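# Structural characterization, general
One letter stands for each residue in the lines below.
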Amino acid sequence: CCAPSPSLRPRPLPRPLDPDMDDKRADLSAIGRAAAPNQIKALISPFFGVADVTVMAQGAPPPEVFPIKAVTLELKDGSVVRMDGDAVTDGQQYQYARSGYTPLLEWCRDFTAKHHRCKGSDWSLALHAGSTDAIAKLAEVLVDPGDMVLTEAFTWSTPLDGLRTRGIRLRGVDVDADGLVPSSLEYECVVAEAQGFRIKALYIVPNGSNPCGTTLAPERYAQIYRICKAHGLTILEDDPYWWLALGESEPLPGPTTSFASMDVDQIVVRIDSFAKAVAPGFRLGWLTGPPHIVNAFNSACSTSTHNGSAFSMAVLHQLLEHWGKAGLDAHLERTRAEYRRRLQVVLAAANDQLKGLATWTPPKAGMFLWLDLTPSRVKDSAALMAKLREHRVLTIPSAVFSPTAEVSPFMRISFSMATDEHMTKGVARLAALLQEHRANTAADQLA
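All figures in this text were calculated on a predicted structure; none of them were measured in a lab.

### Some points on the packing of helix α6 (residues 131-142) against helix α10 (residues 291-301)
In the contact formed by α6 and α10, the axes pass within 9 Å of each other and the chain directions differ by 115 degrees. It follows from the interaxial angle that α6 and α10 lie roughly perpendicular. In this structure, the crossing between α6 and α10 has a hand that is right-handed. Between α6 and α10, the residues in contact are Ala134, Lys137, Leu138, Glu140, Val141 and Leu142 and Ile293, Ala296, Phe297, Ala300 and Cys301, respectively. Residues of the contact of α6 with α10, tallied by class, amount to nine nonpolar, no polar and two charged.

Next up, the structure:
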């Protein structure tokens, strides 16, 4: 095929002149500032809602060739959800023009407005293909190589791996039983700035933190928000365990405090996920934040995941509509009750087997118990991996959760998947290993 002459080649679409938006875009990365709207989306969006338009623009298959006519879901409570008509057709079609399945977008928008976002504040919303993908794309559009991101002293390892791969500098902020320590955040900001680093964001998991299991004390939210605003940081509030509060009288569907709920300065991007509330296999969630950041995020999605699977979106929305608020709350209460039961099993085993060998604080949310192995004379929990294999028990050492891969004596136990028998047996095996390690260390010191 012949190449078009230069005069016929498509030119980039001009951006609207918006000095205020250009000023806001200064907090984006070079990639984020360069992100342009998908050209086809920009061309066709003015036609939405226009009556009697003859559409001959789509590079999409016709619905007549789609193989699925209807989907029936049988739920564990015995009820049945049926998806057919437009829902099943839209679930099999591209959703490029609207950055996701419109009914699910609207559900997430209504939910967020009710539970998280300040009334009257300017925010936008986007669906995402799982939190891992969302965080990777946010890093792409917000942070340049060489910039710094602050995290909790121990945090989810997957974002750390992705940030390191992009050449982003990482530094941890101290945590205690009430979550991230505001005075430590202020200290790290001052020190990093004095060293000449540009700090772009704070990444934080405020409820049921992975791996520590800590939940941020309500009074710390405003303190952390003020510090981030003063130092020009974007807060990346990743909150997948918001739904999984473990107390008997916690509000449904989740806690009432969040960084997004106080964001009058457009510095918070909140990342929500259906993974823990419904099921991770949907690979779906949503994020909310300042419009210029969400627009850049959607631009990144338009050349990769397109915000997730349309079929997953349609099925998930049908399930949420079937439940309604009462059904979702009932599902969450059943889910929480199961996590509470599992937590009690692992705590009973720890109290029986690990006293004197480790210390811990019971988590208020999430699915992890964080052990301090200092009483067993452990300095580097990663050094125990060979012994863990020998004793046939698998837990995760703390070094993988450290932004600086710091040697430390902590270890993460998950109580979400193991059976009661395996939790009890596993804790006993860990106890035997720690007793052996402590005895061997004492003998080495005497030798």
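Next comes the rest of the account.
### Considerations on the pairing of strand β8 (residues 199-204)
In terms of burial, β8 is a largely internal element, six of the six residues being buried. The pairing of strand β4 (residues 148-152) with β8 spans four bridges and is classified as parallel. Bridging across to β8, methionine 148 finds its partner in isoleucine 199. By the bridge criterion, four bridges tie β8 to strand β9 (residues 234-238) in an arrangement that is parallel. Bridge assignment links leucine 202 to a residue of β9, and that residue is isoleucine 235. In the classification by handedness, the crossover that spans β8, the intervening helix α9 (residues 218-231) and the parallel β9 is right-handed.

### Quick look at empty space enclosed by the protein
The full count for this structure, using the stated rule, is one cavity of 30 Å³ or more. Empty space within the largest cavity amounts to approximately 50 Å³. Here the element with the most residues in the lining of the largest cavity is α6; it accounts for four residues. Among the residues forming the lining of the largest cavity, the class breakdown is nine nonpolar, no polar and no charged.

### A closer look at the sheet that holds strand β10 (residues 268-273)
Reading across the sheet, the seven strands line up as β3-β11-β10-β9-β8-β4-β5 and stay open at both edges, with mixed pairing between neighbours. Taken across any chain shown, the strands that pair with only one partner, and hence form the sheet edges, are β3 (124-128) and β5 (169-173). Strand-to-strand twist of the sheet, defined as the mean angle between neighbouring strand axes without regard to direction, takes the value 20 degrees. Docked against the sheet, helix α8 (residues 182-194) engages β4, β5 and β8, running at close to 150 degrees with respect to β5. Contacting β3, β9, β10 and β11 (285-289), α10 crosses the sheet at an angle of about 30 degrees to β3.

### Side note on the pairing of strand β14 (residues 410-414)
It is a general feature of regular strands that their side chains alternate between the two faces of the sheet. Strand direction decides the pairing type here: strand β12 (residues 368-372) and β14, joined by five bridges, are antiparallel. Residue pairing for β14: phenylalanine 368 is matched across the bridge by serine 414. Direction of pairing for strand β13 (residues 396-397) relative to β14: antiparallel, over a ladder of two bridges. Residue pairing across strands places isoleucine 396 opposite arginine 412, the latter belonging to β14.

### Side note on α10
Most of α10 is tucked away: 10 of the 11 residues are buried. For α10, the full list of buried residues reads Pro291, His292, Ile293, Val294, Ala296, Phe297, Asn298, Ser299, Ala300 and Cys301.

### Regarding a nonpolar patch on the surface
A cluster of nonpolar side chains, Phe47, Val50, Val53 and Val55, forms an exposed patch at the surface whose accessible area comes to about 350 Å². Among the structural elements, phenylalanine 47 can be located in the loop between α3 (39-44) and β1 (71-74).

### Here we look at the pattern of salt bridges
Within this structure, the stated rule accounts for 21 salt bridges. Here arginine 82 and aspartate 84 are joined by a salt bridge, their closest N and O atoms 3.1 Å apart. Between aspartate 263 and arginine 117 there is a salt bridge, with its nearest N and O atoms 3.2 Å apart. Placement of aspartate 263 in the loop between β9 and β10 and of arginine 117 in the loop between α5 (102-115) and β3 is noted, with a sequence separation of 146 residues between them.

### Comments concerning the packing of aromatic side chains
Here the structure, examined in full by the defined rule, presents 14 aromatic pairs. Relative to phenylalanine 111, the ring of tryptophan 107 has its centre 5.1 Å away and its plane inclined at 15 degrees; by these criteria the two rings are stacked. Separated by four residues within a single helix, tryptophan 107 and phenylalanine 111 lie in helix α5, roughly one turn from each other. Phenylalanine 111 matches tryptophan 107 in its accessibility class, with the two residues each being buried. A centroid spacing of 5.5 Å and a plane angle of 70 degrees characterise the contact between phenylalanine 154 and phenylalanine 410, whose relative ring orientation is edge-to-face. Here phenylalanine 154 is found in the loop between β4 and α7 (157-165), whereas its partner phenylalanine 410 is found in strand β14, with 256 residues between them in sequence. What links up through ring pairs into an aromatic cluster is the set Trp107, Phe111, Trp242, Trp243, Phe274 and Trp286.

The rules behind these values
- Residues numbered from 1 in each chain as written.
- Predicted model: local features only at pLDDT ≥ 70, side-chain atom pairs only at ≥ 80, totals over all residues.
- Heavy atoms only, no water.
- Axes fitted to C-alpha atoms, helices over the stretch in contact; angles between N-to-C directions.
- Helix = DSSP H or I, 4+ residues; strand = E, 2+ residues; numbered from the N terminus.
- Parallel < 35°, antiparallel > 145°, perpendicular 65-115°, else oblique.
- Left-handed = near helix turned anticlockwise from the far one by under 90°.
- Contact = heavy atoms within 4.5 Å.
- Nonpolar A, V, L, I, M, F, W, Y, C, P; charged D, E, K, R; others polar.
- Buried < 20%, exposed > 50% of the residue type's maximum accessible area, 1.4 Å probe, protein only.
- Pairing = 2+ DSSP bridges.
- Right-handed = clockwise from strand over helix to strand, strands pointing away.
- 1 Å grid on protein atoms, 1.4 Å probe; cavity = no way out; pocket = protein on both sides within 12 Å on 5 of 7 lines; lining within 4 Å.
- Points joined across faces, edges and corners; volume = space filled by probe spheres on them.
- Patch = residues over 30% accessible without salt bridge, like charges linked within 9 Å, V, L, I, M, F, W, Y side chains within 5 Å.
- Areas by Shrake-Rupley, 256 points an atom, 1.4 Å probe, with all protein chains shown as cover.
- Salt bridge = Lys/Arg side-chain N within 4 Å of Asp/Glu carboxyl O.
- Phe/Tyr/Trp six-rings, centres within 6.5 Å; stacked < 30°, edge-to-face > 60°.

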